[in-house]
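Tertiary structure, described
The primary structure of each chain is shown beneath.
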Amino acid sequence: MKYVTLNNGVKIPQLGYGVYQVEPTEAGRCVNDALGAGYRMVDTAQAYHNEEGVGAAVKKSGIARSEIFLVSKIWISNYGYERAKASIDESLRRLQTEYIDLMLLHQPFCDYYGAYRALEEAYREGKLRAIGVSNFQPNHFIDLASNVEIVPAVNQVETHVFCQQIRSKEYMDEFGTHTMSWGPLAEGRNGLFVNPVLKEIGKVHGKSVAQVALRYLTQRDVIIIPKSVHRNRMEENFNIYDFELTPDEMERIKSLDLAKSAFFDHNDPETVKMFMGWRAL
Ligand SMILES: NC(=O)c1ccc[n+]([C@@H]2O[C@H](COP(=O)([O-])OP(=O)(O)OC[C@H]3O[C@@H](n4cnc5c(N)ncnc54)[C@H](OP(=O)(O)O)[C@@H]3O)[C@@H](O)[C@H]2O)c1
């Protein structure tokens with residue numbers, strides 16, 4: 001496993017396991033399988049309603065807490081200083097842990113400045129080992145990162161071969177903030193799993209399309225958290241450090257970039273309206 005050092009010195013596995021759209025009743029089994037496959041980082045969120053299952057599986061695993069890196073995110077209904085502060089304690093309780101390794105603000109909407117102050121405070125108190133944001137486009141990211149005391153360690157944004165975040169990553173690099181990819185397989189959108197370029201490159205290395213797509217991101221120094229509920233796919237997605245893409249292959253994959261979201265554009269007013277409707281998730 002490769003580790004990446006965040007801007008506060010904390011080390012995070014470059015490859016973790018995401019549990020978005022994993023049913024609360026399935027979360028325990030899935031995290032248990034993922035830990036068995038070798039994953040040591042799990043990415044959950046208040047809005048996924050499965051922090052309890054994640055925490056229980058980690059506890060039951062018998063693996064030392066210090067060896068597992070837990071990531072969670074505050075949902076927008078818990079923004080504002082007071083609510084965010086209380087919700088961090090709730091997440092700690094649900095995850096059955098005394099500290100969360102990385103806590104993010106899930107979306108750049110509502111009172112995220114107030115919520116970020118609560119993150120900073122919990123960080124100073126030792127409840128959080130690192131703090132950051134998610135889905136902050138460069139405009140919101142630069143604004144926030146320039147006006148807080150603790151610069152975000154991570155910005156978790158949609159990043160895959162069709163939405164490579166080349167410019168966005170350059171801005172984050174300026175602040176020493178790591179790019180963490182959500183949707184590293186684009187949830188299979190845009191025909192990712194049958195893409196001819198990825199297939200051809202995979203054939204050369206004896207690797208699957210998914211492995212090539214994930215390896216590409218790690219070679220760009222992106223942290224990734226692919227999700228699967230299937231043990232064989234968890235293993236497949238984990239097994240990406242025994243080959244290396246050549247500079248030519250990297251260029252060919254770079255050319256697949258459409259530089260736009262396969263899901264929704266955070267700068268579109270209709271997206272903002274959609275999130276306002278999800279405040280009560
Ligand atoms: N911050 C945010 O706003 C945000 C948004 C979305 C996601 N995330 C985080 O990022 C994680 C990953 O993103 P994601 O879950 O949206 O999508 P993803 O990891 O890009 O793709 C997951 C999908 O691909 C399938 N899959 C996984 N591995 C495969 C393989 N080797 N071959 C074929 N199919 C495969 C999975 O199906 P099966 O499960 O059926 O195998 C699932 O449908 C999430 O779980 C979550 O932790 C964060």
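Residues numbered from 1 in each chain as written. Predicted model: local features only at pLDDT ≥ 70, side-chain atom pairs only at ≥ 80, totals over all residues. Heavy atoms only, no water.

As a reminder of what qualifies: UniProt positions are given in the numbering used here, feature names are shortened, and annotations may be inferred rather than shown by experiment.
Its UniProt record gives the protein chain the following Sequence similarities (unreviewed entry) comment, quoted word for word: "Belongs to the aldo/keto reductase family."

1. What about the packing of helix α7 (residues 196-205) against helix α10 (residues 247-254)?
Defined as follows: Lines fitted to the C-alpha atoms define the axes, with helices restricted to the stretch that makes contact. Angles between their N-to-C directions range from 0 to 180 degrees. By the criteria applied, helices consist of DSSP H or I runs no shorter than four residues and strands consist of E runs no shorter than two, each listed in order from the N terminus. Angle categories are assigned with fixed cut-offs, so that under 35 degrees is roughly parallel, over 145 is roughly antiparallel, 65 to 115 is roughly perpendicular, and the rest are oblique. Put simply, a crossing is left-handed when the front helix is turned counterclockwise from the back one by less than a right angle, and right-handed when it is turned clockwise. Residue contacts are counted whenever heavy atoms from the two residues lie within 4.5 Å of one another. Residues are grouped as follows: Ala, Val, Leu, Ile, Met, Phe, Trp, Tyr, Cys and Pro are nonpolar; Asp, Glu, Lys and Arg are charged; every other residue, Gly included, is polar.
Axis separation between α7 and α10 bottoms out at 10 Å; the angle between their running directions is 160°. It follows that α7 is roughly antiparallel to α10 by the angle criterion. Relative to α10, the crossing made by α7 is left-handed. Contact residues: α7 offers Val 197, Leu 198, Glu 200, Ile 201, Val 204 and His 205, while α10 offers Glu 249, Arg 252 and Ile 253. Tallied by class, residues from the contact of α7 with α10 come to five nonpolar, one polar and three charged.

2. Here we look at the side chain of Arg 220
Secondary-structure assignment places Arg 220 in the loop between α8 (209-219) and β10 (223-224). The residues contacting Arg 220, other than those within four sequence positions of it, are Gln 164, Gln 165, Ile 166, Lys 169 and Met 250.

3. Examining the UniProt feature "site: Lowers pKa of active site Tyr" (unreviewed entry) in the protein chain
The cut-off we apply is this: Pairing of N or O atoms within 3.5 Å defines a polar contact, subject to two protein rules: one partner must be a possible hydrogen donor and the other a possible acceptor, and residues neighboring in sequence count only if both atoms are side-chain atoms.
According to UniProt, the feature "site: Lowers pKa of active site Tyr" (unreviewed entry) maps to Lys 73 in the numbering used here. Here Lys 73 shows up in strand β5 (residues 69-74). If near-sequence neighbours (up to four positions away) are discounted, Lys 73 is found in contact with Asp 43, Thr 44, Ala 45, Gln 46, Tyr 48, Met 103, Leu 104, His 106 and Gln 156. A distance of 3.0 Å separates the side chain of Lys 73 from the backbone oxygen of Thr 44, its partner in a polar contact.

4. Remarks on helix α2 (residues 51-61)
For clarity, the cut-off: Type-normalised accessible area, obtained with a 1.4 Å probe on protein chains alone, sets the label of each residue: buried when under 20%, exposed when over 50%, and partly exposed for intermediate values.
Restricting attention to buried positions, one finds in α2 the residues Glu 51, Gly 53, Val 54, Gly 55, Ala 57 and Val 58. Tucked into the core, α2 has its buried residues touching α1 (24-37), β4 (41-43), β5 and α3 (81-94). Note on α2: the residue one or two positions beyond its end, Gly 62, has a positive phi of about 80°.

5. Digging into the UniProt feature "binding site: substrate" (unreviewed entry) in the protein chain
The sites that carry the UniProt feature "binding site: substrate" (unreviewed entry) are, in the present numbering, His 106. Looking at the element boundaries, His 106 is found in the loop between β6 (102-105) and α4 (112-124).

6. Let's talk about the pattern of salt bridges
Which entries qualify depends on this criterion: Salt bridge, as applied in this entry: a Lys or Arg side-chain nitrogen positioned within 4 Å of an Asp or Glu carboxyl oxygen.
Tallied over the full model, the rule gives 19 salt bridges. We note a salt bridge from Arg 65 to Asp 101, for which the minimum N-O separation is 2.9 Å. In this pair, Arg 65 is assigned in the loop between α2 and β5 and Asp 101 in the loop between α3 and β6, connecting sequence segments 36 residues apart. Two residues, Lys 169 and Asp 173, come together in a salt bridge whose shortest N-O distance is 3.3 Å. Of this pair, Lys 169 and Asp 173 are both found in helix α6 (residues 166-174), four residues apart, which corresponds to roughly one turn of the helix. Relative accessible area serves as the criterion here: at 12%, Lys 169 is assigned to the buried category. Through salt bridges with shared partners, one network takes in Glu 51, Glu 90, Arg 93 and Arg 94.

7. Some points on the sheet that holds β6
For clarity, the cut-off: DSSP calls a pair of strands paired once it identifies at least 2 bridges connecting them.
Within the open sheet, the eight strands sit side by side as β3-β4-β5-β6-β7-β8-β9-β10. Their pairing is parallel. The strands lining the two open edges of the sheet, one partner per strand, are β3 (17-18) and β10. Relative to strand β7 (residues 131-134), β6 runs parallel, the two sharing three bridges. Residue pairing across strands places Leu 105 opposite Val 133, the latter belonging to β7.

8. Observations regarding the packing of aromatic side chains
In plain terms, the rule: Note on aromatic contacts: the rings of Phe and Tyr and the six-membered ring of Trp form a pair at centre separations within 6.5 Å, being stacked when their planes are under 30 degrees apart, edge-to-face when over 60 apart, and tilted otherwise. In this analysis the charged atom, NZ for Lys or CZ for Arg, is taken to sit over a ring once it is within 6 Å of the ring centre and within 35 degrees of the ring normal.
Under the defined criterion, the tally for this structure stands at eleven aromatic pairs. Aromatic side chains Trp 75 and Phe 275 sit 6.3 Å apart centroid to centroid with 45° between the ring planes, which places their arrangement in the tilted category. Placement of Trp 75 in the loop between β5 and α3 and of Phe 275 in helix α11 (residues 269-277) is noted, with a sequence separation of 200 residues between them. The same class applies to Trp 75 as to Phe 275, namely buried. Relative to Phe 175, the ring of Phe 141 has its centre 5.5 Å away and its plane inclined at 90°; by these criteria the two rings are edge-to-face. Remark: Phe 175 occurs in the loop between α6 and β9 (178-182) and Phe 141 occurs in helix α5 (residues 138-147); sequence separation between them is 34 residues. One aromatic cluster is present, built from ring pairs that chain together Trp 75, Phe 109, Phe 264, Phe 275 and Trp 278. Above the face of the Tyr 99 ring, Arg 65 is positioned so that its terminal group lies 4.2 Å from the ring centre. A cation sits over an aromatic face here: Arg 215 above Phe 243, 5.9 Å from the ring centre.

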